[in-house]
Number of protein chains: 2
Amino acid sequence: MKNIKLIIEYDGTNYYGWQKQPDGNTVQQKIEKAISEVTGETIDLIGCSRTDSGVHATGYVANFYTNSTIPGEKFYIVINQKLPKDIVVIKSEEVDKEFHARFSSTGKMYCYSILNQPIRSPLNSRYYHHIYKPLNIDLMIEGSKYMIGEKDFKAFQNNGSEVNSTVRTINDIKIVKDENYIKIYVTGDGFLYNMVRIIAGTLIDVGVGYKKPEQVLDIIESKDRSKAGKTAPALGLKLVKVFY
Amino acid sequence: MKNIKLIIEYDGTNYYGWQKQPDGNTVQQKIEKAISEVTGETIDLIGCSRTDSGVHATGYVANFYTNSTIPGEKFYIVINQKLPKDIVVIKSEEVDKEFHARFSSTGKMYCYSILNQPIRSPLNSRYYHHIYKPLNIDLMIEGSKYMIGEKDFKAFQNNGSEVNSTVRTINDIKIVKDENYIKIYVTGDGFLYNMVRIIAGTLIDVGVGYKKPEQVLDIIESKDRSKAGKTAPALGLKLVKVFY
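The model shown is predicted, which means the values in this text are computed figures rather than measured ones. (Residues numbered from 1 in each chain as written. Chains lettered and ligands numbered in written order. Predicted model: local features only at pLDDT ≥ 70, side-chain atom pairs only at ≥ 80, totals over all residues. Heavy atoms only, no water.)

Visitor: Explanation requested: the packing of helix α3 (residues 137–145) of chain A against helix α4 (residues 195–208) of chain A in the structure shown.
Guide: Between two packed helices, what matters for the description is the angle formed by their axes and the separation of those axes. Residues and elements named next belong to chain A. Packing of α3 against α4 brings their axes to within 8 Å, and their N-to-C directions diverge by 135 degrees. Of the possible angle classes, the one that applies to α3 and α4 is oblique. By crossing handedness, the relation of α3 to α4 is classed as right-handed. Facing α3, whose interface residues are Leu-139, Met-140, Gly-143 and Ser-144, α4 presents Leu-203, Ile-204, Val-206 and Gly-207. Its residues assigned to classes, the contact of α3 with α4 shows five nonpolar, three polar and no charged. (Axes fitted to C-alpha atoms, helices over the stretch in contact; angles between N-to-C directions. Helix = DSSP H or I, 4+ residues; strand = E, 2+ residues; numbered from the N terminus. Parallel < 35°, antiparallel > 145°, perpendicular 65-115°, else oblique. Left-handed = near helix turned anticlockwise from the far one by under 90°. Contact = heavy atoms within 4.5 Å. Nonpolar A, V, L, I, M, F, W, Y, C, P; charged D, E, K, R; others polar.)

Structure below.
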């Protein structure tokens, strides 16, 4: 029995997220089906996280156990032949039996992408959230500083999943601007339901001027979801990297 | 009667190109319908070129005549409210009565986009043609030099439209590489049917090593379509700019 680790890129536009669902068209189901077709086994694919409906990934990690004789580092080639156009396995390798895509993870990096210009852009509408009001990047960076560290992020969580604790550590937030494209990279040890999208929505409010940067501290301390910004749309979010 | 010039961006994925068709879902029809809804007039939109099915544009130019009292520079705002998500008017303005989007044009710039890496990428599959074999950019640039100038481009034309002459002038071809992304910018006074896509297909052959750069000269001189490269797929092509 081998344990195979996969790194996966997918366009989430047409999927109900990662996680298997009874009637659902999900990324997990597509990949499990592809691997089953290759190995003839029933595959139980372990994903690093449940990503929401419409969210994308360039570095999603999953693992599965198999008795197949296909070498680990060749697996991605045969799986890709069975996958739809909007999902691809970038890399595969055999890993330690103990490796678990979710529980072994020590952190993740997400990227939230914004197109900031007066007019919408059809050629960017699939992966960029369009904000027509000018965003002040310096204010956004200033506001993001208050989010760094181990904090109770209860105000940055939507209802929808049960957790024991709403304390999480954000290690880094990097905001970069290239012409009208703004990317917010958020790295942390774990994230609450919709947390990155609420962080993005809150920083957008700061960038537009609806909130002052220092208000981010009040929002965190309030532990009140209604104080934070809107949940920014799923299409702007990408899971970029998982750390182990 | 005013003459209004529009600059248009669209994602051509779901359209049968620009040009009106009896049962067709075309960009021209979508925009004519939007303008008609705004002005209450029957609109005959003049486009700068027929772009093929699946081709995109960031700087398509069109014009139309109207008796509407809406100021030229405000027109784009009201039209955009009626347009689908994959089409947008970037700018509108009143121009001279003589201006004709096609006949007044002195040239156009197209961009052909390639993703050059071993594995396909779902998040780039909409606008980049994937080439998995490594492309040698220097050879492509060398090959492109033979295409510059006034030449008979008969070998770079597919059957499908009648023309009096197959002589065209290419003013410039610029090939730029940024990590795995390669863009071929082609500027010329006019283009034959599928010409830019055949130029791209031929330069890809040169980049992969199937053809030597100097063979481009032979291909042009042969006036034989079968000597040139394949017609590269529509999805990689964008009309970037029209000159007047």
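Picking up after the structure, the text goes on.
Visitor: Help me understand the UniProt feature "domain: Pseudouridine synthase I TruA alpha/beta" (unreviewed entry) in chain A in this model?
Guide: UniProt tags residues 7–103 and 145–244 of chain A as "domain: Pseudouridine synthase I TruA alpha/beta" (unreviewed entry). Split by type, residues 7–103 of chain A is 20% helix and 27% strand. Its first and last C-alpha atoms lie 16 Å apart. (UniProt positions renumbered as here; feature names shortened; annotations may be inferred.)

Visitor: Hey, could you run me through the side chain of Thr169(B) in this one?
Guide: Residues and elements named next belong to chain B. By the secondary structure assignment, Thr-169 is in strand β8 (residues 167–178). Residue classification places Thr-169 among the buried residues on the basis of a relative accessible area of 17%. The residues touching Thr-169, leaving out its near neighbours within four places in the chain, are Gly-149, Glu-150, Gly-188 and Asp-189. (Buried < 20%, exposed > 50% of the residue type's maximum accessible area, 1.4 Å probe, protein only.)

Visitor: Just to check I follow, could you spell out the relation of the copies chain A and chain B for this structure?
Guide: Taken together, a rotation about one axis and a shift along it account for how the two chain copies relate. Least-squares fitting of chain A to chain B yields an RMSD of 0.0 Å, with the superposition described by an axial translation of 0.0 Å and a rotation of 180 degrees. The symmetry that links the two subunits is that of a two-fold axis. By C-alpha distance to the rotation axis, the residue of chain A lying nearest is Arg126(A), at 4.8 Å. Counting the interface residues of chain A, we find that 100% of their copies in chain B are interface residues as well, pointing to one common contact surface. (Least-squares fit on C-alpha atoms with pLDDT ≥ 70 in both.)

Visitor: When you look at the environment of Val163(A) in this model, what are you seeing that I'm missing?
Guide: All names here are of chain A. Structurally, Val-163 can be placed in the loop between β7 (149–152) and β8 (167–178). Given a relative accessible area of 33%, Val-163 falls into the partly exposed group. The residues contacting Val-163, other than those within four sequence positions of it, are Gln-157, Arg-168 and Leu-192.

Visitor: I keep staring at the interface of chain A and chain B and nothing clicks. Help me out?
Guide: As a measure of interface size, the accessible area lost when the parts come together is often cited. Each partner contributes to the interface: chain A provides 25 residues, whereas chain B provides 25 residues. Around 1800 Å² of area is buried between chain A and chain B when both sides are counted, 59% of it from carbon and sulfur atoms. Applying the counting rule to chain A against chain B returns zero salt bridges. The tally of links between chain A and chain B comes to ten residue pairs in polar contact (both at pLDDT 80 or more). Put simply, the parts of the chain that give the side of chain A that touches chain B at least two residues each are β1 (2–10), β3 (56–66), α2 (75–80) and β4 (87–95) of chain A. Ranked by residue count, the leading element in the side of chain A that touches chain B is β4(A), at four residues. Residues of the side of chain A that touches chain B, tallied by class, amount to 13 nonpolar, five polar and seven charged. (Buried area = accessible area lost by both parts, 1.4 Å probe. Salt bridge = Lys/Arg side-chain N within 4 Å of Asp/Glu carboxyl O. Polar contact = N/O pair within 3.5 Å; in protein donor to acceptor, adjacent residues only side chain to side chain.)

Visitor: Quick question: what am I supposed to make of a negative patch on the surface here?
Guide: Residues and elements named next belong to chain A. A surface patch of like charges, here negative, comprises Asp-138, Glu-142, Glu-214, Asp-218 and Glu-221. Elements with a minimum of two residues in the negative patch: α3 and α5 (215–222). Given a relative accessible area of 37%, Glu-142 falls into the partly exposed group. (Patch = residues over 30% accessible without salt bridge, like charges linked within 9 Å, V, L, I, M, F, W, Y side chains within 5 Å. Areas by Shrake-Rupley, 256 points an atom, 1.4 Å probe, with all protein chains shown as cover. Lys, Arg positive; Asp, Glu negative; His and termini not counted. Charge placed at Lys NZ, Arg CZ, Asp CG, Glu CD.)

Visitor: Is there a simple way to think about the domain arrangement of chain A in this case?
Guide: Residue and element names in this part refer to chain A. Annotation of chain A at the domain level lists domain 1 (2–95) and domain 2 (107–243). Taking only C-alpha atoms into account, the centre of domain 1 sits 27 Å from that of domain 2. Carbon and sulfur atoms supply 53% of the area that domain 1 and domain 2 bury against each other, a total of about 1100 Å² over both sides. Connecting domain 1 to domain 2 are two salt bridges. Here Arg-197 and Asp-52 are joined by a salt bridge, their closest N and O atoms 2.9 Å apart. Split into classes, the residues belonging to the side of domain 1 that touches domain 2 amount to five nonpolar, nine polar and two charged. (Domains from an automatic or database assignment.)

Visitor: I tried to follow the UniProt feature "active site" (unreviewed entry) in chain A on my own but got confused; where do I start?
Guide: Residues and elements named next belong to chain A. Sequence positions flagged by UniProt for "active site" (unreviewed entry) are, in local numbering, Asp-52. Summarising the element assignment, Asp-52 is placed in the loop between β2 (46–47) and β3. What makes Asp-52 buried here is its relative accessible area of 17%. Once you skip the residues sitting within four places of it in the chain, Asp-52 turns out to touch Gly-17, Tyr-193, Asn-194 and Arg-197. Engagement of the side chain of Asp-52 in a polar contact is seen with the side chain of Asn-194, the distance being 2.5 Å.

Visitor: Help me understand the packing of aromatic side chains in this model?
Guide: The description of an aromatic ring pair rests on the distance of the ring centres and on the angle between the ring planes. Applying the stated criterion across every chain yields a total of 14 aromatic pairs over all chains. On the numbers, 5.9 Å between centres and 75 degrees between planes, the contact of Phe153(B) with Phe156(B) is edge-to-face. An identical accessibility class is assigned to Phe153(B) and Phe156(B); each is buried. One aromatic cluster is present, built from ring pairs that chain together Tyr10(A), Trp18(A) and Tyr60(A). (Phe/Tyr/Trp six-rings, centres within 6.5 Å; stacked < 30°, edge-to-face > 60°.)

Visitor: Help me understand the pattern of salt bridges in this model?
Guide: Residues and elements named next belong to chain A. One pass over the full model with this rule turns up 15 salt bridges over all chains. The partner of Glu-32 in a salt bridge is Lys-20, with the nearest N and O atoms 3.0 Å apart. With Glu-32 in helix α1 (residues 27–39) and Lys-20 in the loop between β1 and α1, this residue pair connects regions lying twelve residues apart in the sequence. We classify Glu-32 as buried; its relative accessible area is 8%.

Visitor: Would you explain α5(A) in this entry?
Guide: An α-helix turns once per 3.6 residues; consequently, residues spaced three or four apart project the same way. Residue and element names in this part refer to chain A. Along α5, the residues that are buried comprise Val-216, Ile-219 and Ile-220. Down the axis, α5 shows its buried residues gathered within 95 degrees of arc, on one side only. Against the buried residues of α5 lie α3, β7 and α4. Phi turns positive, to about 55 degrees, at Lys-223, one or two residues after α5. (Arc of directions from axis to C-beta.)

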